[in-house]
Amino acid sequence: QPKNKYFLPTTEQLSENAFIRDDEICGYKIYQDTSKQKRGKLYSFILSKSAQQKINALKNIPLCCGKKFAVVLNGKPVFGAYFWNLISSFGCNWLTALAYCNGELELINRLPESNFDETKQDPRNDKALIEAFKSTGRLKEK
């Protein structure tokens, strides 16, 4: 059983400075998986070059447990997730994003795919988050 599980940081646990700022997020992409794997809807952040460089520069991400991060809207955490080491073979039963970015940061709902904690609602389709991207013209849907 993976030890990495659901978490939602409190406002007090947030860093004073965002790792990726709002102006470095070019969009939020929601699209249907058309591959043979059929994972349902896929979600990713479309990032600026500066945000990509920050993610690609992450060092010492533990193989066992990733590095926690939060997605924040108007100063309040919407959900927590893990940056995951590309070479890790450990599992995680919550949202992960591989710590390598080439324009998009896909939010994967489990590693391996059978481990997602189904007792928690998937926060990637949070109404307020989607509305915020829609209102700023940055929501990309397919």
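Preceding block: the structure.
Nothing here was measured: the structure is a model prediction, and the numbers come from that model.

About the cut-offs
Residues numbered from 1 in each chain as written. Predicted model: local features only at pLDDT ≥ 70, side-chain atom pairs only at ≥ 80, totals over all residues. Heavy atoms only, no water. Core = buried A, V, L, I, M, F, W, Y, C linked by side-chain atoms within 4.5 Å. Buried < 20%, exposed > 50% of the residue type's maximum accessible area, 1.4 Å probe, protein only. Helix = DSSP H or I, 4+ residues; strand = E, 2+ residues; numbered from the N terminus. Contact = heavy atoms within 4.5 Å. Polar contact = N/O pair within 3.5 Å; in protein donor to acceptor, adjacent residues only side chain to side chain. Salt bridge = Lys/Arg side-chain N within 4 Å of Asp/Glu carboxyl O.

**Examining the nonpolar core**
Residues Tyr28, Phe45, Leu47, Phe79, Phe83 and Leu105 are the most contacted members of the largest nonpolar core, which totals 34 residues. In terms of residue count, strand β4 (residues 76-84) provides more of this core than any other element does, 6 residues in total. Discounting chain neighbours no more than four positions away, the residues touching phenylalanine 83 are Phe19, Ile55, Leu58, Ile61, Gly66, Lys67, Phe69, Ala97, Ala99 and Leu105.

**Quick look at the environment of glutamate 104**
Here glutamate 104 shows up in strand β6 (residues 104-107). A residue is classified by how much of its surface remains accessible, and glutamate 104, at 30% relative accessible area, is partly exposed. Note: C-alpha distance between glutamate 104 and alanine 51 (53 residues apart in sequence) is 10.0 Å. Filtering out sequence-adjacent residues up to four positions away, glutamate 104 remains in contact with Lys29, Tyr31, Ser44, Phe45 and Ile46. Within polar-contact distance, the side chain of glutamate 104 engages the side chain of serine 44 at 2.7 Å.

**What to know about the environment of alanine 57**
Mapped onto the secondary structure, alanine 57 falls in the loop between α1 (49-56) and β3 (67-73). Of the residues examined, alanine 57 reaches a relative accessible area of 42% and is grouped as partly exposed. Along the primary structure alanine 57 and cysteine 101 are separated by 44 residues, whereas in three dimensions their C-alpha atoms are 9.9 Å apart.

**Quick word on the pattern of salt bridges**
This structure, assessed with the given rule, holds 6 salt bridges. For arginine 21, the salt bridge identified is with glutamate 24, shortest N-O distance 3.7 Å. With a shortest N-O distance of 2.9 Å, lysine 54 and glutamate 24 are connected by a salt bridge. A residue pair is termed long-range when its members are at least 10 positions apart, and lysine 54 in helix α1 and glutamate 24 in the segment before β1 (25-32) qualify at 30 residues. Sharing partners across several salt bridges, the network here consists of Arg21, Asp23, Glu24 and Lys54.

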